[in-house]
Structures are given as C-alpha cells and as structure tokens.
Amino acid sequence: ELASRMKVKASEVIAKLMSLGVMATMNQAVDVDTAMLIATDFGYEVEQGITEEIGIQMFEEAEEGGEMQPRSPVVTVMGHVDHGKTSILDAIRKTDVAVGEAGGITQHIGAYHVRSSAGDVTFVDTPGHAAFTEMRSRGAQITDLVILVVAADDGVMDQTREAINHAQAAGVPILVAVNKIDKPNADIDRVKRELSDLNLAPEDWGGQTVYCETSAKKNIGIDNLMESIQLVAEMLELKADPTRKAKGRVVEAQLDKGRGAVATVLVQEGTLNRGDHFVVGQFSGKVRAMLDDKGRPIKKAGPSIPVEVQGLSGVPSAGDEFLVVTDEKMAKSVSSARALKAREMELGATSKISLDKLFEKM
Ligand code: GDP
Ligand code: MG
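Residues numbered from 1 in each chain as written. Chains lettered and ligands numbered in written order. Predicted model: local features only at pLDDT ≥ 70, side-chain atom pairs only at ≥ 80, totals over all residues. Heavy atoms only, no water.

S.K.: Just to check I follow, could you spell out the overall build of the protein for this structure?
M.R.: Tallying secondary structure elements over the protein gives 11 helices and 16 strands in all. The proportion of buried residues among the 362 residues of the protein is 47%. Long-range contacts, defined as pairs at least 24 residues apart, comprise 72% of the intrachain contacts of the protein with a sequence gap of at least 6. When the accessible surface of the protein is summed, it comes to about 18300 Å², and 51% of that surface belongs to carbon and sulfur atoms. (Helix = DSSP H or I, 4+ residues; strand = E, 2+ residues; numbered from the N terminus. Buried < 20%, exposed > 50% of the residue type's maximum accessible area, 1.4 Å probe, protein only. Contact = heavy atoms within 4.5 Å. Areas by Shrake-Rupley, 256 points an atom, 1.4 Å probe, with all protein chains shown as cover.)

S.K.: When you look at the pattern of salt bridges in this model, what are you seeing that I'm missing?
M.R.: A side chain with one charge can pair with a side chain of the opposite charge if their charged atoms come near. Taken as a whole, this structure holds 11 salt bridges when the rule is applied. Residue R296 is joined to D292 by a salt bridge in which the shortest nitrogen-to-oxygen separation is 2.9 Å. With relative accessibility at 26%, the residue R296 sits in the partly exposed group. A residue is classified by how much of its surface remains accessible, and D292, at 10% relative accessible area, is buried. In this structure, D293 and K294 form a salt bridge, with 3.0 Å as the shortest nitrogen-oxygen distance. D293 gets classed as buried once you look at its relative accessible area, which sits at 5%. Accessibility expressed as a relative area gives 5% for K294, which makes it buried. Each of D96, D293 and K294 takes part in salt bridges that share partners, so that together they form one network. (Salt bridge = Lys/Arg side-chain N within 4 Å of Asp/Glu carboxyl O.)

S.K.: I tried to follow the site of ligand 1 on my own but got confused; where do I start?
M.R.: Taken together, 15 residues surround ligand 1, and among them D82, K85, T86, S87 and D182 come closest. In this structure, H83 approaches ligand 1 through a main-chain N or O atom, which is 3.4 Å from an oxygen atom. One of the backbone N or O atoms of A216 is found 2.9 Å from an oxygen atom in ligand 1. Notes on ligand 1: free accessible area 580 Å², of which the protein chains cover 74%. Counting residues per element, the shell around ligand 1 draws most heavily on helix α5 (residues 85-93), at three residues. In terms of residue class, the shell around ligand 1 is made up of two nonpolar, seven polar and six charged. (Near = heavy atom within 4 Å. Polar contact = N/O pair within 3.5 Å; in protein donor to acceptor, adjacent residues only side chain to side chain. Nonpolar A, V, L, I, M, F, W, Y, C, P; charged D, E, K, R; others polar.)

S.K.: I would appreciate a short explanation of the side chain of T160 in the present structure.
M.R.: The topology assignment puts T160 in helix α8 (residues 158-170). When near neighbours in sequence (up to four residues on either side) are disregarded, T160 contacts H80, H83, L148, V150 and G155.

S.K.: Would you take a moment to explain the packing of aromatic side chains for this structure?
M.R.: By convention here, two paired aromatic rings are described through the distance between centres and the angle between planes. If you walk through the whole model with that rule in mind, you get two aromatic pairs. Where Y112 meets F123, the ring centres are 6.0 Å apart and the plane angle is 40°; that geometry is what we call tilted. Note that Y112 is positioned in strand β3 (residues 111-116) and F123 in strand β4 (residues 119-124), a separation of 11 residues in sequence. Classification of F123 as buried rests on a relative accessible area of 1%. The side chain of K16 reaches across the aromatic face of F42, ending 5.4 Å from its centre. (Phe/Tyr/Trp six-rings, centres within 6.5 Å; stacked < 30°, edge-to-face > 60°. Lys NZ or Arg CZ within 6 Å of the ring centre and 35° of its normal.)

S.K.: Mind showing me how you'd approach helix α9 (residues 188-196) here?
M.R.: In an α-helix, one turn spans 3.6 residues; hence positions three or four apart end up facing the same way. Every buried residue of α9 is accounted for by V191, K192 and L195. Down the axis, α9 shows its buried residues gathered within 100° of arc, on one side only. On its buried face, α9 sits against β5 (145-151), α8, β6 (174-179) and β7 (211-213). (Arc of directions from axis to C-beta.)

S.K.: I would appreciate a short explanation of the sheet that holds β5 in the present structure.
M.R.: Sheet strands associate in pairs through backbone hydrogen bonding, adopting either a parallel or an antiparallel arrangement. Across the sheet, which stays open at both edges, the six strands sit in the order β3-β4-β2-β5-β6-β7 with mixed pairing between neighbours. Strand pairing shows two members of the sheet lacking a second neighbour, β3 and β7, which therefore form its edges. Ignoring strand direction, the axes of neighbouring strands in this sheet form an average angle of 30°. Relative to β4, strand β2 (residues 74-79) runs parallel, the two being bridged by three bridges. Bridge pairing in β4 links V74 to T122. (Pairing = 2+ DSSP bridges. Axes fitted to C-alpha atoms, helices over the stretch in contact; angles between N-to-C directions.)

S.K.: Honestly, the sheet that holds strand β15 (residues 306-312) in this entry has me stumped. Any pointers?
M.R.: Pairing is antiparallel around the closed barrel formed by six strands, whose spatial order is β9-β10-β15-β13-β12-β16. Each neighbouring strand pair of the sheet contributes to a mean axis angle of 45°, computed without reference to strand direction.

S.K.: Honestly, the pairing of β15 in this entry has me stumped. Any pointers?
M.R.: As a general feature of sheets, a regular strand has side chains that alternate between the two faces. Here β15 lies mainly inside the structure; seven of its seven residues are buried. Pairing geometry for strand β10 (residues 260-269) and β15, over five bridges, is antiparallel. The residue bridging V265 from the neighbouring strand is V307, located in β15. Examined bridge by bridge, strand β13 (residues 283-291) and β15 share four bridges and lie antiparallel to one another. Along β15, the bridge assignment pairs M290 with V309.

S.K.: Help me understand the confidence of the model for the protein in this model?
M.R.: Low-pLDDT portions of the prediction should not be read for the details of their coordinates. Of all residues in the protein, 83% attain a pLDDT of 70 or more, and the chain-wide mean is 85. Every residue in residues 352-356 is under pLDDT 50, and counting partners more than four places away or in other chains gives zero contacts. Complex prediction metrics read pTM 0.80 and ipTM 0.99. (pLDDT = per-residue confidence, 0-100.)

S.K.: What's the story with the nonpolar core in this structure? I'm lost.
M.R.: One broad rule of soluble globular proteins: the nonpolar side chains tend to lie buried together. Among the nonpolar cores identified, the biggest contains 23 residues, and I92, F123, I147, L175, L225 and I229 are the most heavily contacted of them. A total of five residues in this core trace back to one element, the largest contributor, which is helix α10 (residues 222-236). In this structure, I147 is in contact with V75, T76, V77, M78, F123, L175, A177, L225 and I229, ignoring residues within four places of it in sequence. (Core = buried A, V, L, I, M, F, W, Y, C linked by side-chain atoms within 4.5 Å.)

Structure (structure tokens):
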C-alpha cells in the first residue's frame, strides 16, 4: 500500500525497511512513524493526518484473517406507530435470562442483548425511523434483520410502507410480526394480502417471507418469534472475528453530568477490553469503564454486544465508527487530524455561504 502510493516497487520499500533494521514482508503492517520515515526518505512530504489514515488502513488489514466465529443477530424493530413495537420488545425482554441475574434492572442505552432459550439476539432500540436513516446516510449498516410489526386490526399503514422501503433499500431481510391477534377485529389474511402486494408474500402462500403471529399484550407467539429470528439469522451465516482488536459503531452518545462523554457502542468485530485506546469519529479515548445493557460493569465485550463506554474526549454522533488502535499516540493523532479536516470543511462551508449571500445582495 505504501509502495503503490509512492509509485515505487514494494521491494524497494522492503529494502529500505531492512536498512532501517525492520524485517518486513510484502503484506505486513508497519507503524505510522516508520511509514512516515520511509515516505520522507523517498522524497515525499508527509501530510499530517493522511499517514494516520493510511496507518489505520494498514493496521486494519493486518487485523484481518483471524478466526471467524458465529455471532448473534442484530435486530431492529420497525412499524407503524401504536402497532406494538415497544410492547413486543418489552415482552421479549421478559424472556431474557440475564435480566434475573442483573436483578431486573435494564438500562436504556439504545441497544440490548437478550439471552433466551431460543438463542441470543441484540436489539437496537433507537426511536423511530430517523435513527435508521441517519445511520444509513453515514454508511453505518448495523442491522442484520428487521422485524416489521403490523397490527392485525389496522393492517399496512404509512409508516409500515416507510419501514419496508428503508429495509429493502438497505438490503436487510424482513421478518413480519402480525401483532394484536387477540383483538376481535384482527384480520391476519388481510395483512398477508397487503404485504404480498409489497413483495413480502408469506412462505405458506409461496413467498419468501417468514411471518409470526403475536399478541404482545397476551404474551402469545413471543417464543415463536424468538425462534424465527434465529432461523432467519442462521440463513445469514453471521460471523465475526472475536480475536482481533475491536471495531464497532456508535448507537447513541451523550454528555453525562457525572461520567463525562459516554457512548453506546455496538461491537461488530473483535473484542473490546477495558483500557483499550480508541478513535471514534473526531474523538479519541481510553476505555475507562464499560457497562453492559443491564448496567453491570464488564471488562470485555465481543461481537454483537452493545456496551456503554466511558472515557471519550467528546460526544460522537450515532453511526460514527469506533476503532481500537495500538496506543494513545495513534488515537490522538488520528482524531485530531479528523477534527482539523472537519473544521476546515466547516470553514469552507461558511465562507461559501457568506459569498453566496454577498452575491444575493449585489
Ligand atoms: P408502538 O408505538 O409501536 O411502540 O406501540 P406500543 O407498543 O406502544 O403499543 C400501542 C398500544 O397498543 C398500547 O396501548 C399497547 O398496550 C397496545 N398493544 C400492543 N400490543 C398489543 C396486542 O398484542 N394486543 C392488544 N390488544 N393491544 C396491544
Ligand atoms: Mg413505541
């Protein structure tokens, strides 16, 4: 990567590295300082920030190729208002065996991990569709599967269609939960008909979509829903490498009076450990403390596990990438280079606006 960016032969870079006493192979990552030294040696002026990004890229590549292991699915529940999203999530939460262990306390951190007899599932619980779209516009695809909740008495409504559009645009499979089947005016066939017109024909009608019939209120069909999630997830063959350094996405973040900047991070690859140095958007930090979704302090978190991280230098945005790096120096130089770039862009944008305004007046 370094050689091709400098338009020289890889062997020349390797020779130069050897002259510096660094024995490296073609695809080996070198640290930022070494890369910088080599680049300067080849007559390149090194721009602060770029080397760090290259460093990160090389570092990431070096982290690839570990052992892939199955991970639990990350699920988002969507649907029209009042069709029962919150009720279904509450009913599922009651099946979580870990809630008892934690003394019944669940924190609101925007995501939670449920351990049930059917298997483990991580739910992203960000309010409304806004969070989904915001995340997507940032290229942060964190959801493996969407549960589309449709009330059996109400049928397909505006936000049902909206949810389908979001999920289909993102290429995320949909599992339908026909809810409120306890209601006297429930019409399950009508829901199936309406959804068939939207490319979501049920399996028993020759389609591809898995349907579950539920009553969150009467606690009917919840176990079956959990089992169906596992069935659909199995087909997706979700895997991650828990042995590498952690990489994930910010689900939500805020400034806490007592604890400073805190962020809920969904770990996607690797294992996040207390004490790890990281970059998150324009900020950096060291994992000072981690809490799980039940508010319990934990020392490590693997793939598909949401954690609340303390020790950030600022409040990142939902969808920002969270990346563990080798040390504090790396974390700080990358985050400051990014902050500088963002400021430059902001300044650029402001002066452009004022210029436009100026022309408007003329
Ligand atoms: P959300 O807006 O999609 O999160 O919907 P909620 O979970 O807040 O539910 C809206 C209303 O529908 C509440 O009054 C719930 O008690 C009710 N509700 C939810 N699920 C069911 C169900 O299965 N059966 C019946 N009869 N009511 C339900
Ligand atoms: Mg709700």
